[in-house]
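# Analysis of the macromolecular model
The chain contents come next:
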Amino acid sequence: MDTKDFDVVAMRTDLHQIPELGFNEHKTSDYVAAKLKEMGLEPIRGIGGTGVVAYIDGTEPGPTVMLRADMDALPFVIDGKDACIHACGHDSHTAMVLATAAKLIGHVKKGRVKLFFQPAEETLFGALKSYDDGVLDDVDYAFGAHVRPIQDIPDGTVCAAVRHTSSTFCIVELKGKVAHGSRPHLGASVVEAAVLATNAVNSLWVNPNKAWSAKVTSIDCASTATNIIPDKGKMILDIRAQDNETKTELLEKLKTAITNACACVNVTCEITFPGGVIPAAVYDEDLVDQVRKTIGEVLGEEKVAKDCGGGGEDFHYFKQKKPELHAAYIGVGTGVTPGLHDPRMTMNPESLRNGVKVLEKLILNVVG
Ligand SMILES: [Zn+2]
Ligand SMILES: [Zn+2]
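Residues numbered from 1 in each chain as written. Chains lettered and ligands numbered in written order. Predicted model: local features only at pLDDT ≥ 70, side-chain atom pairs only at ≥ 80, totals over all residues. Heavy atoms only, no water.

### Observations regarding the nonpolar core
The test is simple: Side-chain atoms within 4.5 Å are what join buried Ala, Val, Leu, Ile, Met, Phe, Trp, Tyr and Cys residues into a set we call a nonpolar core. Here the term buried applies to any residue with accessible area under 20% of the maximum for its type, exposed to any over 50%, and partly exposed to those in between, with areas from a 1.4 Å probe on protein chains only. For this analysis, residues touch if any pair of their heavy atoms sits within 4.5 Å.
Counting 82 residues, the largest nonpolar core has L36, L115, F117, F318 and I330 as the members making the most contacts within it. Discounting chain neighbours no more than four positions away, the residues touching I330 are G144, A145, H146, V158, C159, A160, V162, V291, G355, V358, L359 and L362. Core analysis: the second largest hydrophobic core is formed by 26 residues, C170, A188, V190 and V267 among them.

Quick look at the structure:
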């Protein structure tokens, strides 16, 4: 096997041509499985739906180190037509893990490396479905990586930790009582409830030394006439918190505020979190320090970027589900511009080579 056949830039170009939405990564997982077979590995298909796993075994017993890439792309509507684009760089992550795997073959001594190509990160259910399929059962360490925008870290640098926030959205279904506009005292208006609930949310306080936010992003009271007191409505809120303790406190206060605000005008509400609640990143700080040291050794001290943050990642369900897991997640500066999740997203693929070098060394630190 020649590692030149598994060039990260070339594989990223291939994958960029076949963007697919979460749980529909059929061509992508076919590509991944074919590359793994070319390396002499045995791909296991169907993990969490369209996910793929393969092992690189060492000769002595030892820990299992999982290297995880996500595979899905994002939906857009461009000029009135549906489009699917790799605007979050998951093509880059898949290519980096494949390229790293090719370099690791023949160098794993103790334990084993578990390559995991995860479906549907953007839906926020890919990690959970894969967990249900047992992907974490044999895993001691989990490493992940994401390309970073130019606003986070400079192109060509790598940071030791991406400190993702906890994020979620909730849907509030409002139920009031219909009445004629001339007899509002006989009804219960969901519009008044939505206004009160919005103000209650905007009056919430959680420790201001922590970063958090909760904001109403949609109110729909489905009014059918100017003179009917509406009895059904829906609100949507986007919610973020820097750490999981802040998130728990914020969600409790938020539910109380909305429920009580609605009760003021005799409206009842049901609050649900259909997208789940993505946990904030929790890392072993000792491991993060080692990762930082490794980046310096591999790329030079001037290429070690400061940790960056923001956004959510379903990777963090792994640590929540298995607290004893040693988790680390690097940010690879590739000059992403204008930003992630922008359909015009472009980046410097050459910088992915830094990510491959760092991931290879991080894994060999454990199993080499
Ligand atoms: Zn994304
Ligand atoms: Zn992403």
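Additional details are given in the paragraphs that follow.
### Observations concerning the packing of helix α1 (residues 8–16) against helix α9 (residues 352–367)
Inclusion rule: Axis lines are fitted through C-alpha atoms, for helices just across the contact stretch, and the angle between N-to-C directions can take any value from 0 to 180 degrees. Only runs of H or I of at least four residues qualify as helices and only runs of E of at least two qualify as strands under DSSP, and these elements are numbered from the N terminus. For any pair of crossing helices, the crossing counts as left-handed if the nearer helix is rotated counterclockwise from the farther one by less than a right angle, and right-handed if it is rotated clockwise. All amino acids are sorted into three groups, where Ala, Val, Leu, Ile, Met, Phe, Trp, Tyr, Cys and Pro are nonpolar, Asp, Glu, Lys and Arg are charged, and the leftover types, Gly among them, are polar.
Two numbers describe how α1 lies on α9: the axes approach to 9 Å, and their chain directions differ by 115 degrees. For the pair α1 and α9, the sense of crossing is right-handed. Residue-level contacts link V8, V9 and R12 of α1 to L352, R353 and V356 of α9. By residue class, the composition of the contact of α1 with α9 is four nonpolar, no polar and two charged.

### Here we look at the packing of aromatic side chains
How we decide: When two rings of Phe, Tyr or Trp (its six-membered ring) have centres within 6.5 Å they constitute a pair, described as stacked for plane angles under 30 degrees, edge-to-face for angles over 60, and tilted for the intermediate range.
A complete count under the given rule lists five aromatic pairs for this structure. A ring pair is formed by Y141 and F143, whose centres lie 6.5 Å apart and whose planes are at 20 degrees; its orientation type is stacked. Relative to Y329, the ring of F315 has its centre 5.2 Å away and its plane inclined at 70 degrees; by these criteria the two rings are edge-to-face. Here F315, found in the loop between β17 (308–309) and α8 (317–321), pairs with Y329, found in strand β18 (residues 326–336); they are 14 residues apart in sequence, far enough to count as distant. When sorted by exposure, F315 lands in the same class as Y329, which is buried.

### Side note on the sheet that holds β18
Inclusion rule: Strand pairing is assigned whenever DSSP identifies at least 2 bridges connecting the two strands.
Taken together, eight strands build an open sheet; the order of strands is β1-β2-β6-β3-β7-β18-β8-β16 and the sheet is mixed. Of all strands in the sheet, those bounded by a partner on one side alone are β1 (44–47) and β16 (304–305). Two elements, strand β7 (residues 141–149) and β18, share nine bridges in a ladder whose sense is parallel. Bridge assignment links V147 to a residue of β18, and that residue is V332. Its contacts with the sheet place helix α7 (residues 285–299) against β7, β8 (158–159), β16 and β18, and it is angled at close to 40 degrees to β18. Contacts between α9 and the sheet are confined to β3 (60–70), β6 (110–118), β7, β8 and β18, with β3 contributing the most and set at about 155 degrees to the helix.

### Re the environment of F23
As for its placement among the helices and strands, F23 is situated in the loop between α1 and α2 (26–38). Separated by 251 residues in sequence, F23 and P274 have C-alpha atoms that sit 17 Å apart. If we skip the residues at most four places from it in the chain, F23 touches G48, T50, P119, A120, T123, F125, G126 and K129.

### Topic: the sheet that holds strand β10 (residues 166–175)
Here we have four strands laid out as an open sheet, ordered β12-β14-β10-β15, and antiparallel in their pairing. The sheet terminates laterally at β12 (212–220) and β15 (268–272), the two strands that pair on one side only. Adjacent strand axes in the sheet meet at a mean angle of 20 degrees when their direction is disregarded. The sheet contact formed by β10 and β15 spans five bridges and is antiparallel.

### Topic: the UniProt feature "domain: Peptidase M20 dimerisation" (unreviewed entry) in the chain
The following threshold applies: UniProt positions are given in the numbering used here, feature names are shortened, and annotations may be inferred rather than shown by experiment.
If you check UniProt for "domain: Peptidase M20 dimerisation" (unreviewed entry), the listed places come out as residues 168–261 in our numbering. Note that residues 168–261 is 33% helix and 33% strand, and that its end C-alpha atoms are spaced 21 Å apart.

### Some words on the UniProt feature "binding site: Mn(2+)" (unreviewed entry) in the chain
Feature annotation in UniProt places "binding site: Mn(2+)" (unreviewed entry) on C88, H90, E122, H146 and H341, given in this structure's numbering. Separation in sequence by 254 residues is not matched in space for these annotated residues, since their most distant C-alpha atoms are only 13.0 Å apart. Its location among the elements puts C88 in the loop between β5 (81–85) and α3 (90–104). Take H341: it is sitting in the loop between β18 and α9. Those residues within four positions of H341 in sequence are excluded, and the remaining contacts are L74, F76, A87, C88 and E122.

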